[in-house]
Amino acid sequence: MTRVPEEGGGDPACCAASDDDGRDAALPTNPYGETSPATASTERMTEVPGGTFEMGTDDDVGFPQDGEGPARTVELDPFYVDRYQVTNAEFAEFVRETGYTTDAERFGWSFVFQDFVGPEQDPHVIDASGDAGWWLAVEGANWFHPHGPGSSIEDRLTHPVVHVSWRDAVEYARWAGKRLPTEAEWERAARGGLEGRRFPWGDDLTPDGEHRCNIWQGTFPTENTVEDGYHGTAPVDAFEQNEWGLHNVAGNVWEWCGDWFTADHPEGPLSNPTGPADGDGKVIRGGSYLCHRSYCNRYRVAARSSAAPTDATGNVGFRCVLDA
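Residues numbered from 1 in each chain as written. Predicted model: local features only at pLDDT ≥ 70, side-chain atom pairs only at ≥ 80, totals over all residues. Heavy atoms only, no water.

Caption draft 1: Up close: the overall build of the protein chain. Tallying secondary structure elements over the protein chain gives four helices and 15 strands in all. Buried positions account for 57% of the 324 residues belonging to the protein chain. (Helix = DSSP H or I, 4+ residues; strand = E, 2+ residues; numbered from the N terminus. Buried < 20%, exposed > 50% of the residue type's maximum accessible area, 1.4 Å probe, protein only.)

Set out below in structure tokens:
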């Protein structure tokens, strides 16, 4: 089988591998359907006030083909957003109650980063991802076995769930009485009221030498010096929260948004935008533990990429929102 990076979102090969061999089952309908405050808990959420903000950037450190710019004025209604990425423990509760089977489980494999494929998983490697050979397709890799057969989430229950497709995320959100954020909602929440800055805390990646997010240090993809303390995923409450109480909106794992991806944006001002009506890939935001400035500096708040709705990898998760 052949695996190639998803087209239409720049070159996200370091970030999320994609396949081209038929993961095209029917998608959930209406990801922006009404949420259910009566059944959804806001205990681990924070309310984002309604208002306007400047979305995107004209900064030249980004990727023009990703459509980070132009910076544009967006108005949003208030909403609640999860403070944390959805954890393995939370996803396990969803699966126990519903019997849900993820796309990675149905297809029988998922992409695992090369560093996490050990002797126990070697016999189950079935392919690599095109030019991004560090992504290995491993039979039996899924949310419960994140590195493949022999691995487990037992020691990472507070880490973000991974190997979940956009479809899986939508179904979890529906079960929780919530929904996926629009891309605009995601960026407003990630900025935490701090506009015009590269990161949720300012423009300096490591202020006073302090690591504020889980990304790659060293030489990608051969050496991770783990200066931030994590080789793979980190607990969802790791690192300092932003001004609105959100953790890990830069790095750790990419997060699914509801929007179809496009690099072209309508002229503003915009009100509660939800993206184009259709497309090839869904927006992912935030970057992951594999992002590095030499190859993929998409851990900035304006950075964006895309993946096919049925793609699943070891560095993509999600968080949910709820209408206020």
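Caption draft 2: Quick peek at the layout of surface pockets. Its volume calculated, the largest pocket comes out at about 360 Å³. Around the largest pocket, the lining comprises 17 residues; the ones closest to its centre are Ser41, Glu90, Tyr172, Ala176 and Lys178. When contributions to the lining of the largest pocket are tallied by element, the ones reaching two or more residues are α1 (88–98) and α3 (166–175). Residues belonging to the lining of the largest pocket are distributed by class as follows: seven nonpolar, three polar and seven charged. (1 Å grid on protein atoms, 1.4 Å probe; cavity = no way out; pocket = protein on both sides within 12 Å on 5 of 7 lines; lining within 4 Å. Points joined across faces, edges and corners; volume = space filled by probe spheres on them. Nonpolar A, V, L, I, M, F, W, Y, C, P; charged D, E, K, R; others polar.)

Caption draft 3: Looking closely at the sheet that holds strand β14 (residues 316–317). Ordered by their spatial adjacency, four strands build an open sheet running β13-β12-β10-β14, and the pairing between neighbours is mixed. If you trace the sheet from one side to the other, it starts and ends with β13 (304–307) and β14, each paired once. Summarising the sheet, strand β10 (residues 254–260) and strand β12 (residues 282–285) pair through three bridges and their orientation is antiparallel. The residue of β12 that forms the bridge with Trp260 is Lys282. (Pairing = 2+ DSSP bridges.)

Caption draft 4: Here's a closer look at the pattern of salt bridges. One pass over the full model with this rule turns up 19 salt bridges. Between Arg167 and Asp103 there is a salt bridge whose closest N-O contact spans 2.4 Å. Of this pair, Arg167 sits in helix α3 while Asp103 sits in helix α2 (residues 103–107), and the two are 64 residues apart along the sequence. Comparing Arg167 with Asp103 shows no difference in burial state: the two are buried. Where Arg212 meets Glu210, a salt bridge forms, and the shortest distance between an N and an O atom there is 3.2 Å. (Salt bridge = Lys/Arg side-chain N within 4 Å of Asp/Glu carboxyl O.)

Caption draft 5: The packing of aromatic side chains, seen in detail. Summed over the entire model, instances satisfying the criterion amount to 22 aromatic pairs. Look at Phe199 and Tyr299: their rings are 6.1 Å apart centre to centre, the planes differ by 10°, and that puts the pair in the stacked class. With Phe199 in the loop between α4 (183–191) and β8 (218–219) and Tyr299 in the loop between β12 and β13, the pair connects residues that are 100 residues apart, well separated along the chain. The pair formed by Phe199 and Tyr299 is uniform in burial state, with each residue classed as buried. Within the aromatic cluster, the residues linked to one another by ring pairs are Phe91, Phe94, Tyr100, Trp143, Phe144, Tyr172, Trp175 and Phe318. Of note, Arg106 hangs over the ring of Phe107, and the distance from its end group to the ring centre comes to 4.9 Å. In this structure, Lys282 is placed above the aromatic ring of Trp260, and the distance from its NZ or CZ to the ring centre is 3.9 Å. (Phe/Tyr/Trp six-rings, centres within 6.5 Å; stacked < 30°, edge-to-face > 60°. Lys NZ or Arg CZ within 6 Å of the ring centre and 35° of its normal.)

Caption draft 6: The arrangement of unusual backbone geometry in detail. Here the bond from Gly69 into Pro70 is cis, since omega is 0°, no more than 30 degrees from zero. Along the polypeptide, Pro70 turns up in the loop between β2 (51–55) and β3 (72–76). For the bond from Phe220 to Pro221, the omega torsion is 0°, close enough to zero to count as cis. By secondary structure assignment, the location of Pro221 is in the loop between β8 and β9 (223–224).

Caption draft 7: Structural detail: the sheet that holds strand β1 (residues 45–48). Spatial ordering of the open sheet is given by β1-β4-β15, a layout of three strands whose pairing is antiparallel. The open sheet has two edge strands, β1 and β15 (321–323), and neither has a second partner. Averaged over all adjacent pairs, the angle separating strand axes in this sheet is 25°, with direction ignored. Inspection of the sheet shows β1 paired to strand β4 (residues 79–82) by four bridges, in the antiparallel sense. (Axes fitted to C-alpha atoms, helices over the stretch in contact; angles between N-to-C directions.)

Caption draft 8: Representation of the pairing of β4 within the structure. Direction of pairing for β4 relative to β15: antiparallel, over a ladder of three bridges. For Phe79, the partnering residue across the bridge sits in β15 and is Asp323.

Caption draft 9: Just the nonpolar core, in detail. Counting residues in each nonpolar core, the largest one holds 31 residues, and the members touching the most others are Phe91, Trp143, Val161, Tyr172, Leu180, Trp256 and Phe318. Counting residues per element, the ones that place at least two in this core are α1, α3 and β10. For this core, the leading source of residues is α3, giving five residues. With residues near it in sequence (within four places) discarded, Val161 still touches Val86, Thr87, Asn88, Phe91, Trp143, Val316, Gly317 and Phe318. Grouped together as the second largest cluster of nonpolar side chains are 20 residues, Val81, Ala189, Val283 and Val301 included. (Core = buried A, V, L, I, M, F, W, Y, C linked by side-chain atoms within 4.5 Å. Contact = heavy atoms within 4.5 Å.)

Caption draft 10: Quick look at α1. Listing the buried residues of α1 in full gives Asn88, Phe91, Ala92, Phe94 and Val95. The buried residues of α1 all sit within an arc of 160° when viewed along its axis, so they share a single face. Facing away from the buried side of α1 by over 90 degrees, the exposed positions are Arg96 and Glu97. Buried positions along α1 lie against α3. (Arc of directions from axis to C-beta.)

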